[in-house]
Amino acid sequence: MSPTAATGASRLLADRIPLEGVGRVDVERQRSVVDALRTFLPDHCLLWREEDTRPYECDGLTIYRQLPMVVALPETEDEVARIVRICHQQQVPIVPRGAGTGLSGGALPHGRGVLLSLAKFNRILKVDPLARTALVQPGVRNLAISEAVAHLGLYYAPDPSSQIACTIGGNIAENSGGVHCLKYGLTLQNVLRVRGVTSDGAIVEIGSEAPDAAGYDLLSLVVGSEGMLVVITEATVKLVPKPLKQQVIMASFDDVEKGGDAVAAVIAAGIIPAGMEMMDKPATAAVEPFVKAGYDLDAEAILLVESDGTPEEVAEEIDRIKSVLDGSGATRIAVSNSEAERLRFWAGRKAAFPAVGRISPDYYCMDGTIPRKRLGEVLKAISTMEGKYRLRCANVFHAGDGNLHPLIMFDANDPDSVVRAEQFGFEILELSIAVGGTVTGEHGVGVEKIHQLCQQFDAATLEAFFAVRRAFDPAGLLNPGKAIPTLARCAEYGRMHVHGGALKFPELPRY
Ligand SMILES: Cc1cc2nc3c(=O)[nH]c(=O)nc-3n(C[C@H](O)[C@H](O)[C@H](O)COP(=O)(O)OP(=O)(O)OC[C@H]3O[C@@H](n4cnc5c(N)ncnc54)[C@H](O)[C@@H]3O)c2cc1C
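Each value, and the rule that gives it
- Residues numbered from 1 in each chain as written.
- Predicted model: local features only at pLDDT ≥ 70, side-chain atom pairs only at ≥ 80, totals over all residues.
- Heavy atoms only, no water.
- Disulfide = S-S within 2.5 Å.
- Helix = DSSP H or I, 4+ residues; strand = E, 2+ residues; numbered from the N terminus.
- Near = heavy atom within 4 Å.
- Polar contact = N/O pair within 3.5 Å; in protein donor to acceptor, adjacent residues only side chain to side chain.
- Areas by Shrake-Rupley, 256 points an atom, 1.4 Å probe, with all protein chains shown as cover.
- Nonpolar A, V, L, I, M, F, W, Y, C, P; charged D, E, K, R; others polar.
- Axes fitted to C-alpha atoms, helices over the stretch in contact; angles between N-to-C directions.
- Parallel < 35°, antiparallel > 145°, perpendicular 65-115°, else oblique.
- Left-handed = near helix turned anticlockwise from the far one by under 90°.
- Contact = heavy atoms within 4.5 Å.
- Salt bridge = Lys/Arg side-chain N within 4 Å of Asp/Glu carboxyl O.
- Buried < 20%, exposed > 50% of the residue type's maximum accessible area, 1.4 Å probe, protein only.
- Expected span 1.5 Å × (residues − 1).
- Arc of directions from axis to C-beta.
- Pairing = 2+ DSSP bridges.
- Patch = residues over 30% accessible without salt bridge, like charges linked within 9 Å, V, L, I, M, F, W, Y side chains within 5 Å.
- Phe/Tyr/Trp six-rings, centres within 6.5 Å; stacked < 30°, edge-to-face > 60°.
- Lys NZ or Arg CZ within 6 Å of the ring centre and 35° of its normal.

**Notes on the state of the cysteines**
Okay, so step 1: Using the criterion set out here, one finds one disulfide in the structure.
Okay, so step 2: Disulfide partner of C454: C490, at an S-S distance of 2.2 Å. Judged by the torsion about the S-S bond (-80 degrees), the C454/C490 disulfide is left-handed. Here C454 is found in helix 16 (residues 450–456), whereas its partner C490 is found in helix 18 (residues 487–496), with 36 residues between them in sequence.

**Overview of the site of the ligand**
Okay, so step 1: The ligand sits among 34 residues. The nearest are P96, T101, S162, T167 and S176.
Okay, so step 2: T101 is positioned with one of its side-chain polar atoms (N or O) 2.6 Å from an oxygen atom of the ligand.
Okay, so step 3: A distance of 3.4 Å separates an oxygen atom of the ligand from a polar side-chain atom of N479.
Okay, so step 4: A total of 980 Å² of accessible area belongs to the ligand in isolation, and the protein chains cover 94% of it.
Okay, so step 5: When residues of the shell around the ligand are traced back to their parent elements, those giving at least two are strand 3 (94–97), helix 6 (168–174) and strand 10 (231–238).
Okay, so step 6: For the shell around the ligand, the leading source of residues is helix 6, giving five residues.
Okay, so step 7: For the shell around the ligand, the per-class residue count stands at 13 nonpolar, 17 polar and four charged.

**What about the packing of helix 14 (residues 375–389) against helix 15 (residues 415–434)?**
Okay, so step 1: Contact pair helix 14 / helix 15: the axes reach a minimum separation of 10 Å and the direction vectors enclose 155 degrees. Our classification of the angle between helix 14 and helix 15 gives roughly antiparallel. The interaxial crossing formed by helix 14 with helix 15 has right-handed handedness. Here V378, A381, I382, M385, E386, K388 and Y389 of helix 14 lie close against helix 15, whose contacting residues are R420, Q423, F424, E427, I428 and L431.
Okay, so step 2: For the contact of helix 14 with helix 15, the class distribution of residues is eight nonpolar, one polar and four charged.

**Topic: the pattern of salt bridges**
Okay, so step 1: Going through the model one piece at a time under the given rule, you end up with 29 salt bridges.
Okay, so step 2: A salt bridge links E50 to R54; its shortest N-O distance comes to 2.3 Å.
Okay, so step 3: You can call E50 partly exposed: its relative accessible area is 44%.
Okay, so step 4: For R54, a relative accessible area of 36% puts it in the partly exposed group.
Okay, so step 5: Its salt-bridge partner being R141, residue E147 comes within 3.8 Å of it at the nearest N-O pair.
Okay, so step 6: Of the residues examined, E147 reaches a relative accessible area of 49% and is grouped as partly exposed.
Okay, so step 7: Members of the salt-bridge network, linked through shared partners, are E77, R193, R195, E205, E209 and E234.

**A closer look at helix 2 (residues 27–38)**
Okay, so step 1: An ideal rise of 1.5 Å per residue puts 16 Å on 12 residues; helix 2 measures up with 16 Å between its terminal C-alpha atoms.
Okay, so step 2: Within the span of helix 2, buried status applies to R29, Q30, V33, V34, A36 and L37. The buried residues of helix 2 all sit within an arc of 165 degrees when viewed along its axis, so they share a single face. Those residues of helix 2 that are exposed and aimed more than 90 degrees away from the buried face are E28 and R31.
Okay, so step 3: Buried-residue contacts for helix 2 involve strand 1 (46–47), strand 2 (70–72), helix 4 (77–90) and strand 4 (114–117).

**Remarks on the sheet that holds strand 6 (residues 133–136)**
Okay, so step 1: Ordered by their spatial adjacency, five strands build an open sheet running 5-6-10-8-9, and the pairing between neighbours is antiparallel. The open sheet has two free edges, formed respectively by strand 5 (124–128) and strand 9 (203–207), since each of these has just one partner strand. Each strand axis lies, on average, 15 degrees off the axis of its neighbour in the sheet, ignoring direction.
Okay, so step 2: Of the strand pairs in this sheet, strand 8 (residues 191–197) and strand 10 are connected by six bridges, and their pairing is antiparallel.

**Some thoughts on a nonpolar patch on the surface**
Okay, so step 1: A cluster of nonpolar side chains, Y216, L218 and L221, forms an exposed patch at the surface whose accessible area comes to about 330 Å².
Okay, so step 2: Here L221 is to be found in helix 8 (residues 218–222).
Okay, so step 3: The exposure class assigned to L221 is partly exposed, which follows from its relative accessible area of 35%.

**Description of the packing of aromatic side chains**
Okay, so step 1: Inspection of the entire model under this criterion finds four aromatic pairs.
Okay, so step 2: Considering the side-chain rings of Y155 and Y184, the 6.4 Å spacing of their centres and the 75 degrees angle between planes classify their relative orientation as edge-to-face. With Y155 in strand 7 (residues 154–155) and Y184 in helix 7 (residues 181–184), the pair connects residues that are 29 residues apart, well separated along the chain.
Okay, so step 3: In this structure Y184 comes out as partly exposed when scored by relative accessible area, which is 21%.
Okay, so step 4: With 5.1 Å between their ring centres and 80 degrees between their planes, F457 and F465 make a pair best called edge-to-face.
Okay, so step 5: Judged by relative accessible area, which is 24%, F457 ranks as partly exposed.
Okay, so step 6: Judged by relative accessible area, F465 falls into the partly exposed class, the value being 30%.
Okay, so step 7: One Lys or Arg, R49, reaches over the ring of W48 and ends 4.8 Å from the middle of that ring.

This is the structure we're talking about:
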């Protein structure tokens with residue numbers, strides 16, 4: 001959501017997110033925590049005055065705002081552990097924070113808690129070109145890893161569009177994806193080992209630099225755990241060789257459903273492109289005047305399909321993809337002829353969010369995942385919702401893995417439009433579940449989608465999630481109120497949203 005989306009936010013927050021401590025700071029509690037942290041943190045690493053904590057009040061989902069009680073900016077792992085131990089003693093919630101680019105409110109502060117910024121953990125500690133790994137601190141920016149190893153012909157593959165700013169700690173906590181994750185895997189497939197601090201201040205090492213790790217696979221639990229299991233203080237990530245050649249195909253379709261079917265056809269043909277992204281007409285119309293990428297403005301949808309490898313592999317794969325796209329009814333096909341042209345084709349897709357920001361005061365970026373074959377049908381339903389909610393929506397997707405990013409345009413200065421935007425977004429999420437998908441692809445659950453998790457999982461599964469959390473953090477101090485809804489909240493939500501006549505969690509009392 002664009003930065004102007006604050007108006008009316010606290011009202012919405014109070015309606016939906018019953019966080020403790022919303023409102024005035026508990027001065028005594030604040031003093032007690034600050035006094036304890038001051039014993040070892042220098043002044044410049046500790047903020048508690050309102051004018052200093054205000055910049056931390058939200059992450060990329062600016063519709064939800066909450067002043068943290070205290071912001072701590074440690075510089076060493078020992079300091080992180082000591083902060084966590086003090087919070088444990090005083091039963092104070094901790095919200096880890098990377099760059100704050102998250103789009104689901106995962107790093108939204110807690111009003112009675114410490115916002116633990118890892119911004120000062122910004123060093124690449126070691127690069128091993130033979131093992132093709134990098135040992136990094138969590139506050140290192142995603143793109144900074146690739147920049148640091150470019151001279152070795154290597155790079156870090158997962159590439160969220162926010163990669164210039166977002167940190168590897170945030171990427172691990174969200175299991176972030178990007179254009180090239182279709183072929184190279186999400187963050188989970190590109191992280192080997194994580195070191196971190198548990199909620200009682202113990203240091204743990206999870207995973208291994210070897211291909212397999214002994215014991216339970218805790219790495220798979222920690223990746224994507226949204227700051228609720230450990231505070232990550234170090235990570236070993238994989239590096240991959242830069243491909244010798246990359247080329248991208250831009251294909252036009254006169255119908256979005258045909259575009260969606262073409263995506264499914266490419267995968268069905270046994271091709272895993274390096275990236276496969278789709279944009280609908282409202283998205284290309286927003287982008288083209290901004291970036292001049294050369295997009296076909298008559299097309300109902302355009303598909304960008306990238307191939308990488310040796311020149312021979314790329315030539316062969318491009319031919320195969322072209323023939324599948326032809327067979328799927330593409331009305332125009334262009335192949336990049338130079339690196340400059342390839343970057344120009346991608347520049348439009350990468351600038352889709354800011355481009356929409358130019359034509360609407362605010363936009364709300366949804367994130368849901370659906371089976372590829374249902375893409376066309378879901379797009380048609382979203383277009384019907386535009387009429388129902390009286391709001392425009394541009395669609396961009398990581399089409400290869402069915403990850404939708406509808407950009408709902410609204411005006412944050414109009415509270416009614418804010419509510420309609422939220423409801424529009426929630427209906428898209430519920431539709432994603434109904435067609436066999438999930439409520440999140442890569443942006444996490446945070447506070448934004450916590451209710452939809454009640455739709456997606458039954459009580460027994462949610463209880464299993466809580467059991468995992470309790471095993472790491474019995475007191476529930478790490479990032480409370482995010483990612484996993486309590487059954488009581490699901491009961492309330494189920495009462496509000498009865499789908500198909502079925503009351504969710506009927507066994508629980510309604511209040
Ligand atoms: C314009 C734009 C484009 C985006 N494009 C993509 C995209 O293509 N793909 C994608 O996946 N995401 C995308 N995002 C979302 C966001 O950038 C990612 O979720 C990113 O991984 C967040 O990283 P961060 O450092 O900003 O983390 P934050 O926003 O600071 O935190 C995110 C979560 O991680 C936790 N966390 C952060 N650091 C730590 C740590 N050291 N230990 C434990 N927990 C921690 C926080 O508590 C929070 O739950 C986009 C965002 C924007 C604004």
